[in-house]
Amino acid sequence: MTDLAAALTDAMKAIFRQLDLDAGHAGVRRSDRPDLGEFQANGALAVAKQAGRKPQEIAADISAAWRDLALADAPTIAGAGFLNFRVTDAALSARADTIARDPLCGASPVAAARKVLVDYGGPNVAKGMHVGHLRASIIGESLKRVFRFRGDQVWGDAHFGDWGFQMGLMISALEDELNGFADGEALSRRLKALTLDDLEEIYPAASARAKEDEAFRDRARKATAALQAGQEPHRTIWAAMRVVSMDAQKRDFASLGVTFDLWRGEADADPFIADMVQDLRDKNLLEPDQGAQIVRVAEEGDKRELPPLLVISSEGSAMYGTTDLATIVQRESEIDPDLYLYVVDQRQGDHFEQVFRAAARAGYVARDQVEHIGFGTMNGPDGKPFKTRAGGVLKLHDLIGQAEERARARLREADIGADFSADEFEDVAHKVAIAALKFADLVNFRGTSYVFDLDRFMSFEGKTGPYLLYAAVRIKSILRKADEQGAEPGAIRVSTPDERGLALALDGFSAACMQAYDKRAPHFISEHAYDLAQAFSAFYANCPVLGEADPAVRASRLALAAAALKQLEAALDLLGIAAPQRM
Ligand code: ARG
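Every value quoted in this text rests on a predicted model; they were computed, and no experiment measured them.

1. Regarding the overall build of the protein
Inference 1: Counting its regular elements, the protein contains 21 helices and 13 strands.
Inference 2: For the protein, the spread of C-alpha atoms along the three principal axes comes to 90 × 65 × 40 Å.
Inference 3: Considering the protein as a whole, with its 583 residues, one finds that 53% of them fall into the buried category.
Inference 4: Counting only contacts in the protein whose residues sit at least 6 apart along the sequence, the fraction spanning at least 24 positions is 74%.
Inference 5: Here the protein displays about 25300 Å² of accessible surface, and carbon together with sulfur accounts for 50% of that area.
Inference 6: Distance between charge centres in the protein, computed from 69 positive and 87 negative side chains, equals 2 Å.

2. Here's the deal with helix α20 (residues 523-542)
Inference 1: Over its 20 residues, α20 extends 29 Å from the first C-alpha to the last, a length consistent with the 28 Å expected when each residue adds 1.5 Å.
Inference 2: Along α20, the positions that sit buried rather than exposed are His523, Phe524, Ile525, Ser526, His528, Ala529, Tyr530, Leu532, Ala533, Ala535, Phe536 and Phe539.
Inference 3: If you follow the buried residues of α20, they end up packed against α5 (131-149), α15 (422-442), α17 (465-484), α18 (497-507), α19 (509-518) and α21 (551-574).

3. A look at the packing of aromatic side chains
Inference 1: If you walk through the whole model with that rule in mind, you get 19 aromatic pairs.
Inference 2: An aromatic cluster of at least three residues, connected via ring pairs, comprises Tyr120, Phe253, Phe260 and Trp263.
Inference 3: Over the ring of Trp238 we find Arg235; its NZ or CZ atom is 5.0 Å from the centre of that ring.
Inference 4: Here Lys250 stacks its cationic end above the ring of Trp263, 4.7 Å away from the centre of that ring.

4. A look at the sheet that holds strand β4 (residues 82-85)
Inference 1: Pairing in this open sheet of four strands is antiparallel, and the strands run β1-β2-β4-β3 from one edge to the other. Every interior strand has two partners, whereas the edge strands, β1 (29-30) and β3 (76-78), have only one.
Inference 2: Sheet topology note: the β1/strand β2 (residues 39-41) ladder contains two bridges and is antiparallel. Counted as the bridge partner of Arg30 is Phe39 from β2.
Inference 3: Strands in contact with helix α1 (residues 4-18) are β1, β2 and β4; relative to β2, the strand with the most contacts, it is inclined by about 35°.
Inference 4: Those strands touched by helix α3 (residues 55-65) are β3 and β4, and its axis lies near 165° from that of β3.

5. Remarks on the site of the ligand
Inference 1: Around the ligand lies a shell formed by Asp119, Gly122, Asn124, His133, His159, Tyr320, Asp324, Tyr342, Val344, Gln348 and Phe352.
Inference 2: Interatomic distance of 2.9 Å between a backbone N/O atom of Gly122 and a nitrogen atom of the ligand.
Inference 3: Measuring from a nitrogen atom of the ligand, one finds a side-chain N or O atom of Tyr320 at 2.9 Å.
Inference 4: Against a free-state accessible area of 350 Å², the protein chains account for coverage of 88% of the ligand.
Inference 5: Along the lines of polarity and charge, the residues of the shell around the ligand split into four nonpolar, five polar and two charged.

6. Regarding the nonpolar core
Inference 1: Core analysis: the largest hydrophobic core is formed by 140 residues, its most contacted members being Leu8, Met12, Phe39, Ile62, Phe85 and Phe509.
Inference 2: The next biggest cluster of nonpolar side chains, apart from the first, holds 34 residues, and it includes Leu285, Leu309, Ile335 and Ala359.

7. Some words on the pattern of salt bridges
Inference 1: Scanning the model with the defined rule gives 48 salt bridges in all.
Inference 2: Salt-bridge contacts for Arg357 lead to Glu353; the nearest nitrogen and oxygen are separated by 2.8 Å. Taken as a pair, Arg357 and Glu353 lie in helix α13 (residues 349-361) at a separation of four residues, close to a single helical turn.
Inference 3: For the salt bridge of Asp455 with Arg410, the shortest nitrogen-to-oxygen distance reads 3.7 Å. Of this pair, Asp455 sits in helix α16 (residues 454-457) while Arg410 sits in helix α14 (residues 396-413), and the two are 45 residues apart along the sequence.
Inference 4: Judged by its relative accessible area of 41%, Asp455 falls in the partly exposed class.

8. Considering the sheet that holds strand β5 (residues 115-119)
Inference 1: Read from one edge of the open sheet, four strands run β6-β5-β10-β11, paired in parallel fashion. Of all strands in the sheet, those with a lone pairing partner are β6 (153-157) and β11 (370-373), marking the two edges. Strand-to-strand twist across the sheet, computed as the mean angle between neighbouring axes with direction ignored, equals 20°.
Inference 2: Across the face of the sheet, helix α12 (residues 320-334) comes into contact with β5, β6 and β10 (339-343) while running at roughly 145° to β10.
Inference 3: The strands that α13 touches are β10 and β11; relative to β11, the one it contacts most, it runs at about 175°.

9. What to know about the packing of α20 against α21
Inference 1: Running from N to C, α20 and α21 cross one another at 155°; their axes reach a closest spacing of 10 Å. Between α20 and α21, the angle is such that the two are roughly antiparallel. By crossing handedness, the relation of α20 to α21 is classed as left-handed. Contacts between α20 and α21 involve Ile525, His528, Ala529, Leu532, Phe536 and Phe539 from the first element and Arg557, Leu560, Ala561, Ala564, Gln567, Leu568, Ala571 and Leu574 from the second.

10. Section: the packing of helix α6 (residues 165-177) against helix α8 (residues 196-212)
Inference 1: Two elements in contact, α6 and α8, have axes separated by 9 Å at closest approach and are oriented at 100°. For the element pair α6 / α8, the angle class is roughly perpendicular. Across the interface between the two elements, Gln166, Leu169, Met170, Ala173, Leu174, Asp176 and Glu177 of α6 pack against Leu199, Ile202, Tyr203, Ala206, Ser207, Arg209 and Ala210 of α8.
Inference 2: Tallied by class, residues from the contact of α6 with α8 come to nine nonpolar, two polar and three charged.

About the cut-offs
Residues numbered from 1 in each chain as written. Predicted model: local features only at pLDDT ≥ 70, side-chain atom pairs only at ≥ 80, totals over all residues. Heavy atoms only, no water. Helix = DSSP H or I, 4+ residues; strand = E, 2+ residues; numbered from the N terminus. Buried < 20%, exposed > 50% of the residue type's maximum accessible area, 1.4 Å probe, protein only. Contact = heavy atoms within 4.5 Å. Areas by Shrake-Rupley, 256 points an atom, 1.4 Å probe, with all protein chains shown as cover. Lys, Arg positive; Asp, Glu negative; His and termini not counted. Charge placed at Lys NZ, Arg CZ, Asp CG, Glu CD. Expected span 1.5 Å × (residues − 1). Phe/Tyr/Trp six-rings, centres within 6.5 Å; stacked < 30°, edge-to-face > 60°. Lys NZ or Arg CZ within 6 Å of the ring centre and 35° of its normal. Pairing = 2+ DSSP bridges. Axes fitted to C-alpha atoms, helices over the stretch in contact; angles between N-to-C directions. Near = heavy atom within 4 Å. Polar contact = N/O pair within 3.5 Å; in protein donor to acceptor, adjacent residues only side chain to side chain. Nonpolar A, V, L, I, M, F, W, Y, C, P; charged D, E, K, R; others polar. Core = buried A, V, L, I, M, F, W, Y, C linked by side-chain atoms within 4.5 Å. Salt bridge = Lys/Arg side-chain N within 4 Å of Asp/Glu carboxyl O. Parallel < 35°, antiparallel > 145°, perpendicular 65-115°, else oblique. Left-handed = near helix turned anticlockwise from the far one by under 90°.

The structure is reproduced here in structure tokens:
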């Protein structure tokens, strides 16, 4: 059984067949009117027309024919012929017991495991990570975990931006700074001393200069082509810059709890480009266009014209789309994924459509094997993509610092951690900060833009990361106390409304995981984590655990609490959030 709704659906199907009704309409799902019933079905209405009968009559037949009394009481009929179900205490208890013991906490694995490549993060060498990369990192990390949790074999790849025009800009700027590259020693001294701060100064200046200074822009373009052709000292400079930014980015990723299986970049696809270009030419897909080489991707029926994919620029360099296409060739030869997910800002939609169509035309992948998982922007109070007060882009590192600062203040206000060591206090503040940032992002459907509001993200009340951490920590403390008192969890036997409510919440995890997986949308997990925490709160307020006199009830409640913690931590982990031991 995947969950109670599936079990009820199976029972309904048997009855539909017995009554000669179309079993395709036998579906039972969670009710959106829990006051009327926990589960509901509207199949009687769906089949009425076909059967030429009144829905209420059919509903009455179904209810009269209901046999699976161990699972649920016979459904009651409401309104035009809706069926409402209440599962039995026994069935609900058994389901909760299964969840408590299940390594997947009640979620069901995929039917057939696939190889899935998640391309996310995508920081650029020399530019430092900014808030735009925050969303890619947070959402990509979560999707990677959801797919892996359900049993797929998953590779996360950072796909660093390290092969484009920005590299040529940096190289030309350095060339000017050193009055040319003739003095090899001066160059190697400069490269040894290179820091991320240097890069972050050099890049914007060079980028601004290129906009005004045509000669500089041309040199930078040529430098990009020279780098890609493997010339020196371009290659050495590139390598030095790459190391400096990658080290800093790895630190930022680590502090976000983001890890990759592949720390590759655009440049890693370079060895595949020459053969790929030849292949595109052999397949008659490459066309000359104003000195450049392109692949046309417009299709009949397109609502607007999609420009061609630029494969080789007029300077002879590989472009953003070229490396993406060659990376598909590389991944096909090294991993052969069944599915590719590109977790990237939805404003890059056209780019991915171009790359995917070109890849499909060339026969590298099927069009439905590659998906752009777009997301909206994190906005400032003005509703525009978030900027610092000075109008610049906020560095990821500074953003995390700000969140930690706010978390420390919040903890002190709530009188949390006065008895912690300095290390533990810092660890808790860090976890609260990351939980606040990640949950605020993942609580929205990824396509929705949201407003950056640290105060709201950091609240201990409402749908926030800190609230969920607090809920998890509270259960941990109950279980610790139980342990100290020697109280043991036992078989789960639910009966009171709040015990039932908690067990029903636990049962909802499976559907949340499936939806998050199918829609590539972690917010289903966020919603579930919040529902579960709320259900636990109601349970704990109304059902004494350690204070309960009946040992069987106490043992059952302890087991329920333990199952709730295990599942809550699993859900948080799918969001990339870790809870501290105490706070
Ligand atoms: N480096 C790109 C950027 O900052 C994102 C890379 C996304 N991944 C990809 N395969 N193109 O916009």
